[in-house]
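One-letter residues, chain by chain:
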Amino acid sequence: MAHIQDLLTAIGLEPDRAQMFNMSAAMASAFVTVAQEMTERIARLGPNPLRGPLDTLTDSERGE
Amino acid sequence: MIVAEQKSLDEIKSLIGDAERVLVVGCGTCVTVCFAGGAREAAIVAASLRMATKLDGNGKDVTDVTVQRQCEWEYLDEIAEQIEGADLVLSLGCGIGVQAIAEHFPRKWVVPGLNTSFMGLPTEQGVWAERCAACGDCVLGLTGGICPIARCSKSLLNGPCGGSEGGHCEINPDIPCAWQLIYDRLSALGKLDLLMAIQPPKNWKTSRDGGPRKIVRDDLRLGAEEE
Ligand code: SF4
Ligand code: SF4
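Conventions and cut-offs
- Residues numbered from 1 in each chain as written.
- Chains lettered and ligands numbered in written order.
- Predicted model: local features only at pLDDT ≥ 70, side-chain atom pairs only at ≥ 80, totals over all residues.
- Heavy atoms only, no water.
- Near = heavy atom within 4 Å.
- Nonpolar A, V, L, I, M, F, W, Y, C, P; charged D, E, K, R; others polar.
- Core = buried A, V, L, I, M, F, W, Y, C linked by side-chain atoms within 4.5 Å.
- Buried < 20%, exposed > 50% of the residue type's maximum accessible area, 1.4 Å probe, protein only.
- Helix = DSSP H or I, 4+ residues; strand = E, 2+ residues; numbered from the N terminus.
- Contact = heavy atoms within 4.5 Å.
- Arc of directions from axis to C-beta.
- Domains from an automatic or database assignment.
- Salt bridge = Lys/Arg side-chain N within 4 Å of Asp/Glu carboxyl O.
- Pairing = 2+ DSSP bridges.
- Axes fitted to C-alpha atoms, helices over the stretch in contact; angles between N-to-C directions.
- Patch = residues over 30% accessible without salt bridge, like charges linked within 9 Å, V, L, I, M, F, W, Y side chains within 5 Å.
- Areas by Shrake-Rupley, 256 points an atom, 1.4 Å probe, with all protein chains shown as cover.

Peer 1: Which residues make up the site of ligand 2, and what values go with them?
Peer 2: Within the structure, ligand 2 sits among C152, S153, K154, L156, P160, C161, S164, C169, E170, C177, A178 and W179 of chain B. Of the residues contributing to the shell around ligand 2, the split by class is eight nonpolar, two polar and two charged.

What follows is the structure in structure tokens.
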């Protein structure tokens, strides 16, 4: 993971955009916590600069 | 195997300069197994360059392809069209691969994406260590299969030096003293008498000191008999 984060930094992206969490399938509340944490973090970092602002994306790029 | 390490993305970007169409060429042999320049690394470098150059405001057309062995022209023929179509080739092969491309495609600009480091082996996952310096006159038969040229910091033939301490080399305590290893192995195999013979100065002409080397095998050359 440290390698991926270094690579993102070298590319010019924020390393915090990727993170790995280990947990078992039974740890629902831990999953919710990290999902919320990542959602907040990504929202704070803003859209991926490689893809541009949300309104410039196609439906498929937005995942719709 | 030949062991290499990737250059930083910044250095690779400056080597690429203003070329617009870049072909990243991986190699499926040594640099694949040392995780420096195989198909996976070539794809990652190509994707990283696409992203990095786009963020810099001048997205380049970067593609990748991997051949079985970059150090043989036959394999390079398979990607001749892709090479011709690129402004610049970024080789993720060892230094031999880079030169094979340069020699085979005289009009193509080719740059290295790796630093070729040494000939060695993986001693554990993620760790590679030097084992041979291609001296051209192997002495492993005298040293129990442990190379004093590549593994002794001073390439001593009649070691150890006075700096060997607790099995570690005085030049770098992180590496084992090669002559301690040789002594231990010969001792375990009951061949310590080999160490009683003084080795004369080595003829380094067979090594790099004799200039660039070449091997010619007339029994294998095509058309050699008619010559
Ligand atoms: S003695 Fe020479 S050829 Fe033999 S392993 Fe050492 S460097 Fe390589
Ligand atoms: S300590 Fe051992 S490996 Fe290091 S230079 Fe001396 S003999 Fe060679």
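Peer 1: Account for the site of ligand 1, naming residues and giving values.
Peer 2: Looking at ligand 1, the residues that line it are C132, A133, A134, C135, C138, V139, L140, C147 and I149 of chain B. The residue makeup of the shell around ligand 1, split by class, is nine nonpolar, no polar and no charged.

Peer 1: Quick rundown of the nonpolar core? Include the residues and the values.
Peer 2: Grouped together as the largest cluster of nonpolar side chains are 28 residues, with contacts concentrated most on I16, V22, V24, L49, L88, L90 and L92 of chain B. Mapped by element, the contributors of at least two residues to this core are helix 1 (2–11) of chain A together with strand 1 (2–6), helix 1 (9–16), strand 2 (21–27), helix 3 (39–55) and strand 4 (88–91) of chain B. Looking at this core element by element, the count peaks at five residues for helix 3 of chain B. If near-sequence neighbours (up to four positions away) are discounted, L90 of chain B is found in contact with I12, V22, L23, V24, V25, V45, L49, V111, P112 and G113 of chain B. I79, I83, A86 and A100 of chain B belong to the second-largest nonpolar core, a separate cluster that totals 14 residues.

Peer 1: Break down helix 1 of chain B for me, with residues and values.
Peer 2: Turning to helix 1 of chain B, its buried residues are L9, I12 and I16 of chain B. Buried residues of helix 1 of chain B, seen end-on, are gathered within an arc of 60° and therefore sit on one face of the element. In helix 1 of chain B, the exposed positions angled more than 90 degrees off the buried face are occupied by D10 and S14 of chain B. Buried residues belonging to helix 1 of chain B abut helix 1 of chain A together with strand 2, helix 3 and strand 4 of chain B.

Peer 1: Explain the domain arrangement of chain B to me, using residue names and the numbers behind them.
Peer 2: Along its sequence, chain B is organised into domain 1 (2–118) and domain 2 (134–210). Of note, the centres of domain 1 of chain B and domain 2 of chain B, computed from C-alpha atoms alone, are 37 Å apart.

Peer 1: Account for the environment of A25 of chain A, with residues named and values stated.
Peer 2: Residue position: A25 of chain A is located in the loop between helix 1 and helix 2 (28–45). Accessibility expressed as a relative area gives 88% for A25 of chain A, which makes it exposed.

Peer 1: I'd like a rundown of the pattern of salt bridges, residues and numbers included.
Peer 2: All names here are of chain B. Here the structure, examined in full by the defined rule, presents 10 salt bridges over all chains. Between D87 and R21 there is a salt bridge, with its nearest N and O atoms 2.6 Å apart. With D87 in the loop between helix 5 (80–84) and strand 4 and R21 in strand 2, this pair connects stretches of sequence that are 66 residues apart. Residue D87 is classed as partly exposed on the basis of its relative accessible area of 30%.

Peer 1: If you had to explain the sheet that holds strand 6 (residues 114–124) of chain B to someone new, which residues and values would you point to?
Peer 2: All names here are of chain B. Pairing within the open sheet is antiparallel, and its three strands lie in the order 1-6-7. In the strand order of this sheet, the two ends are held by strand 1 and strand 7 (127–132), each with one partner. Adjacent strand axes in the sheet meet at a mean angle of 70° when their direction is disregarded. Note: strand 1 against strand 6, five bridges, orientation antiparallel. Bridge assignment links V3 to a residue of strand 6, and that residue is F118.

Peer 1: Could you give an account of a nonpolar patch on the surface, naming the residues involved and the relevant values?
Peer 2: Residues and elements named next belong to chain A. There is a patch of nonpolar side chains on the surface, built from M1, I4 and M20 and spanning about 290 Å² of accessible area. One can find M1 in the segment before helix 1. Residue class for M1 comes out partly exposed when judged on its relative accessible area of 38%.

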